[in-house]
Amino acid sequence: MIDSFYSAPRTLKRYRSGPLGQYLDGFASVLVERGYAWKTGRRYLVLLRELSEWLEGLGLSVEAVDEPRLAQFLAQAVEGREYIQRGTASALGLLLRHLRDTGTLPVPVVEVEDTPRRRLEDGFVRYLVEERGLAHSTITGHLSVARAFLAARFGAGPLSLDEVQPEDVTRFILHYTRSGGRKGGGRDAKMIVSGLRAFLRFLYLRGDVAFDLTEAVPRMVTRRKAGLPKSLPPEQVRQLLESCDRRHPVGQRDYALLLLLARLGLRAGEVVAMRLEDLDWMAGEILVRGKGQRLERLPLPRDVGEALVAYLRDGRPRCAARQVFVSARAPHRGLADASSVDAIVARSLRRAGLDPPFKGAHLLRHSLATEMLRRGASLGEIGQILRHRQPGTTEIYAKVDIEALRALAQPWPGGAS
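Predicted model only: the values in this text are computed from it and were never measured.

## Focus: the overall build of the protein chain
A count of helical and extended segments in the protein chain gives 18 helices and 3 strands. Here the contacts in the protein chain between residues at least 6 apart in sequence split such that 60% fall between residues at least 24 apart. Element-wise, carbon and sulfur atoms account for 52% of the exposed surface of the protein chain, whose accessible area totals about 23700 Å².

Structure (structure tokens):
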């Protein structure tokens, strides 16, 4: 596949010689498969040809390639050559992964020390997966809180879990929230509280602590229902969608993604998790991979289906990723996480000239619910569309229909004074 980038027989012969020569065709295939631009692919191949020549000069074979050897190559052979420095780390890292994926080089085994602390953490993760069925991102957050609590209580010393007292729990919560957590704000405090409560419940179920210490975890006073949901009026939602330039691949992707948020009220994580096989064109349905590993089918509106077809047919890069939405630049991979969707929404709002106080993906979910309520939908119907587990989650939208609430108000006895 080097001939995808070069055609001269002498050049091809040069690339296919040396310690790496027999592997560069496969590497070039990876570059094509992942959608790297032709110019970028040539630059990467130039670098790897020089790496091959450098190894040959030292009398080394491909088996000598590892992270320290590549660092040595960079220090000795590439330093000061700006035209080749661009992308060197990416190219060399991609080569190393390719050689390991194909079995040419062994995958290094990372030794994980088997300690009581490690076994406790592994057990906690299994509990969160098997018993609680939590999402990966939630498990990661809970585990980080558990590690922080153990470090605060026992440092690097041995774990004496039966010595944990309610005051230890309170002290940790106060210290962590006063110091702002990792990012600060109420959302982080909620994450700390929920993560610690899950860990303490796990310790109690295992018998590591004599009492259920979750009662020592203070309940967060939130303002979730204190204000109205942030939303856009319908004309601004249309303005946001129309800002996508659907003549170009990125505009096709963003338009289809925004439609899923605005018409179906999907969460950002659900858009990220959507796979090609989740689109049932014959039935006109879409499989949604929701919170808590729930799988639900929703009807696929015609305009959303047409936008997805346009993106998949003309805008989506050819790649091995099974996720529907992938990065626009090579290497083409599925969107990393919910923050990627939030970033697309925020960028689209700026492009449309809109500046609402809240700029994440949930803005469009709230906008859908708010408009449904104004058109006469009941809270139960809204909860079904948004797939809320608890009816109370939908209650916040009752505040949106101010006129309906006024109609329920009874006149003050005796009239106005």
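## Structural notes on helix α12 (residues 249–264)
With 16 residues, α12 should cover 22 Å at 1.5 Å per step; its first-to-last C-alpha distance of 22 Å lies within 8% of that length. A large share of α12 lies buried, amounting to 13 of its 16 residues. Positive phi appears at Gly265, one or two residues downstream of α12, with a value of about 65°.

## Concerning helix α11 (residues 234–242)
The set of residues buried in α11 consists of Val237, Leu240 and Leu241. End-on view of α11: buried residues confined to an arc of 95°, all on one side of the axis. Its buried side turned inward, α11 meets α12, α15 (338–351) and α16 (362–374).

## Considerations on the pairing of strand β2 (residues 285–289)
Across 2 bridges, the pairing between strand β1 (residues 279–280) and β2 is antiparallel. Its bridge partner being in β2, Asp280 is matched across the sheet by Glu285. Between β1 and β2, which pair antiparallel in sequence order, lie 4 residues; one of them, Gly284, sits at a positive phi of approximately 65°. For β2 and strand β3 (residues 295–299), the ladder comprises 5 bridges, and the chain directions are antiparallel. When the bridges of β3 are listed, Val288 appears paired with Glu296.

## A few points about the packing of aromatic side chains
On inspection of all chains with the given rule, the structure shows 11 aromatic pairs. Ring geometry for Tyr127 versus Phe202: centroids 5.4 Å apart, planes at 35°, classification tilted. Of this pair, Tyr127 sits in helix α7 (residues 116–131) while Phe202 is found in helix α10 (residues 186–206), placing the two residues 75 residues apart along the sequence. Each of the two residues, Tyr127 as well as Phe202, counts as buried.

## Quick look at the sheet that holds β3
Spatially, β1-β2-β3 is the arrangement adopted by the 3 strands of the open sheet, whose pairing is antiparallel. Across the chains shown, the open sheet's two edge strands, defined by having one partner strand only, are β1 and β3.

## A short note on the side chain of Arg253
Inspection of the secondary structure puts Arg253 in helix α12. Filtering out sequence-adjacent residues up to four positions away, Arg253 remains in contact with Tyr311, Phe325, Val326, Ser327, Ala328, Leu335, Ile344 and Arg347.

Rules used throughout
- Residues numbered from 1 in each chain as written.
- Predicted model: local features only at pLDDT ≥ 70, side-chain atom pairs only at ≥ 80, totals over all residues.
- Heavy atoms only, no water.
- Helix = DSSP H or I, 4+ residues; strand = E, 2+ residues; numbered from the N terminus.
- Contact = heavy atoms within 4.5 Å.
- Areas by Shrake-Rupley, 256 points an atom, 1.4 Å probe, with all protein chains shown as cover.
- Expected span 1.5 Å × (residues − 1).
- Buried < 20%, exposed > 50% of the residue type's maximum accessible area, 1.4 Å probe, protein only.
- Arc of directions from axis to C-beta.
- Pairing = 2+ DSSP bridges.
- Phe/Tyr/Trp six-rings, centres within 6.5 Å; stacked < 30°, edge-to-face > 60°.

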